[in-house]
Amino acid sequence: MTAHDSAIAPRPVAVGGTALAALGVLAFSFSFPATAWALTGFGPWTAAGLRGVLAAAVAGAGLLAARVPVPDRAHWPGLAAVAVGCVLGFPLLTTLALQSSSTAHSAVVIGLLPLATAAVAALRSGGRPSGGFWWAALAGAAVVLGFTVQQSRGALSRADLLLVAALAVCAAGYAEGGRLARAMPGWQVIAWAVVAALPASVLAAGLALAAEPVHVGPKALTGLAYTAAVSQFGGFVLWYRGMAAIGVPKASQLQLAQPLLTLGWAVLVLGERLSPAAPVAALLVLGCIAATQRARG
């Protein structure tokens, strides 16, 4: 390989990683509307439990078909963090929050998630993103937070506390998943995590089905299917591969666009109304994303 080849080789990887992470964000952006659909027919504990069970069935089938060996013992603490944060904690806490909070308001947690993920990743790995990166990340988080809080008129509720807790556990799961995706394929990271969480998912679903009413309909089934197949598995396959390629801090900043995408889905699918500030916030967020991508992470 020539020096010229060596200089240009990383570029396609970075571009591909950014595209994969962006597709993951797009997939995740519909998670809240899909959860709202699922809640039309299932209780929150039932919806969260069945989501994990169905995702484990898809992931387990993939692992068996590919004859993937059991991960090394050293990887299991990280996989446990992904299972607790991304498979159990975040889905349950956000589903409970969406019982009393609108999709638009709940998107505030996504606005803060990129900054929290980058911070956890930096603490976990000892990395030091540049000052420009952090300023751009803080600015983007502030724009998203200000916009979504303005939408909800600054009210704090039980749902807000649930969303903050979801933010904390998900950031840890994202950071650990991104780290593990450098040592094993990203789809295997989330696949083993949902399989590891299967006993807890089965227990939650079984107990909830006996206690919560169920009204099965097309919208509820569609929402449940999306959260299981895409939000809980397919989106993570793209997301972790993208993070492995371009790094956790930079990939996490692409999620600054996720609340605005979710707000768009809320209008198109759920009929919620947004303020005229949405286009302005979208432009500011896109500017912050561009700044973080140029900054040296």
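These remarks concern the structure in this document. Everything numeric here is computed off the predicted structure, so don't read it as measured data.

1. Some points on the overall build of the protein
At step 1: Along its length, the protein carries 15 helices and 0 strands.
At step 2: In terms of its C-alpha atoms, the protein occupies a principal-axis envelope of roughly 65 × 50 × 30 Å.
At step 3: With 297 residues in all, the protein has 50% of them scored as buried.
At step 4: At a minimum sequence separation of 6, the contacts of the protein that also span at least 24 residues come to 92%.
At step 5: With an accessible surface of roughly 13,200 Å², the protein has 70% of that area assigned to carbon and sulfur atoms.
At step 6: With 16 positive and 6 negative side-chain charges, the protein shows a spacing of 6 Å between the two charge centroids.

2. Describing the packing of aromatic side chains
At step 1: Here the structure, examined in full by the defined rule, presents 10 aromatic pairs.
At step 2: Aromatic side chains Phe28 and Trp239 sit 6.4 Å apart centroid to centroid with 75° between the ring planes, which places their arrangement in the edge-to-face category. Residue Phe28 is located in helix H2 (residues 10–29), and its partner Trp239 is located in helix H12 (residues 218–246); the two are separated by 211 residues in the primary sequence.
At step 3: A relative accessible area of 5% means that Phe28 is categorised as buried.
At step 4: Through pairs of rings, three or more aromatic residues link up here, namely Phe28, Tyr174, Phe236, Trp239 and Tyr240.

3. Some thoughts on a nonpolar patch on the surface
At step 1: Taken together, the side chains of Leu209, Val214, Val216 and Leu221 define a hydrophobic patch exposed on the protein surface, amounting to about 330 Å² of accessible area.
At step 2: As for its placement among the helices and strands, Leu209 is situated in helix H11 (residues 198–211).
At step 3: The class of Leu209 is partly exposed, set by a relative accessible area of 42%.

4. Here's the deal with the nonpolar core
At step 1: Counting 67 residues, the largest nonpolar core has Tyr174, Ile190, Phe236, Trp239 and Tyr240 as the members making the most contacts within it.
At step 2: Among the nonpolar cores identified, the runner-up in size contains 7 residues, and Phe42, Ala47, Ala205 and Leu224 belong to it.

5. Some points on the side chain of His75
At step 1: Relative to the assigned elements, His75 resides in the loop between helix H4 (44–65) and helix H5 (76–97).
At step 2: Non-local contacts of His75, meaning those with residues more than four positions away in its chain, are made with Leu180, Ala183 and Met184.

6. Quick word on H4
At step 1: With 22 residues, H4 extends 32 Å between its outermost C-alpha atoms, agreeing within 8% with the 32 Å of an ideal straight helix rising 1.5 Å per residue.
At step 2: Residue Arg67 follows H4 closely and has a positive phi angle near 55°.

7. A short note on the environment of Thr262
At step 1: With respect to the secondary-structure elements, Thr262 resides in helix H14 (residues 258–270).
At step 2: Separated by 158 residues in sequence, Thr262 and Ala104 place their C-alpha atoms 7.2 Å apart.
At step 3: Those residues in contact with Thr262 that lie beyond four places of it in its chain are Ser29, Phe32, Pro33, Thr103 and Ala107.

8. A few points about the packing of H5 against helix H10 (residues 186–196)
Any two packed helices are characterised by the angle at which their axes cross and by the distance between the axes.
At step 1: At a minimum axis separation of 8 Å, H5 and H10 run at an interaxial angle of 75°. Judged by the angle between their axes, H5 and H10 are roughly perpendicular. Residues Trp76, Leu79, Val82, Ala83 and Val87 of H5 touch H10, and the partners they reach there are Val189, Ile190, Trp192, Ala193, Val194 and Ala196.
At step 2: Residue composition of the contact of H5 with H10, grouped by class: 11 nonpolar, no polar and no charged.

9. Side note on unusual backbone geometry
At step 1: Even without glycine at this site, Arg67 takes up a positive phi of about 55°.
At step 2: Tracing the backbone through its elements, the reader meets Arg67 in the loop between H4 and H5.

10. Structural notes on the side chain of Ser231
At step 1: Here Ser231 is to be found in helix H12.
At step 2: In terms of polar contacts, Ser231 uses its side chain to reach the side chain of Ser31, at 2.7 Å.
At step 3: For Ser231, the residues in contact, after removing those within four places along its chain, are Phe28, Ser31, Arg51, Tyr226 and Phe236.

11. Re helix H7 (residues 108–125)
Since the α-helix turns once every 3.6 residues, residues separated by three or four places project in the same direction.
At step 1: Along its 18 residues, H7 runs 27 Å from first to last C-alpha, staying within 8% of the 26 Å computed at 1.5 Å per residue.
At step 2: Residue Gly126 follows H7 closely and has a positive phi angle near 80°.

About the cut-offs
- Residues numbered from 1 in each chain as written.
- Predicted model: local features only at pLDDT ≥ 70, side-chain atom pairs only at ≥ 80, totals over all residues.
- Heavy atoms only, no water.
- Helix = DSSP H or I, 4+ residues; strand = E, 2+ residues; numbered from the N terminus.
- Buried < 20%, exposed > 50% of the residue type's maximum accessible area, 1.4 Å probe, protein only.
- Contact = heavy atoms within 4.5 Å.
- Areas by Shrake-Rupley, 256 points an atom, 1.4 Å probe, with all protein chains shown as cover.
- Lys, Arg positive; Asp, Glu negative; His and termini not counted.
- Charge placed at Lys NZ, Arg CZ, Asp CG, Glu CD.
- Phe/Tyr/Trp six-rings, centres within 6.5 Å; stacked < 30°, edge-to-face > 60°.
- Patch = residues over 30% accessible without salt bridge, like charges linked within 9 Å, V, L, I, M, F, W, Y side chains within 5 Å.
- Salt bridge = Lys/Arg side-chain N within 4 Å of Asp/Glu carboxyl O.
- Core = buried A, V, L, I, M, F, W, Y, C linked by side-chain atoms within 4.5 Å.
- Expected span 1.5 Å × (residues − 1).
- Axes fitted to C-alpha atoms, helices over the stretch in contact; angles between N-to-C directions.
- Parallel < 35°, antiparallel > 145°, perpendicular 65-115°, else oblique.
- Nonpolar A, V, L, I, M, F, W, Y, C, P; charged D, E, K, R; others polar.
- Polar contact = N/O pair within 3.5 Å; in protein donor to acceptor, adjacent residues only side chain to side chain.

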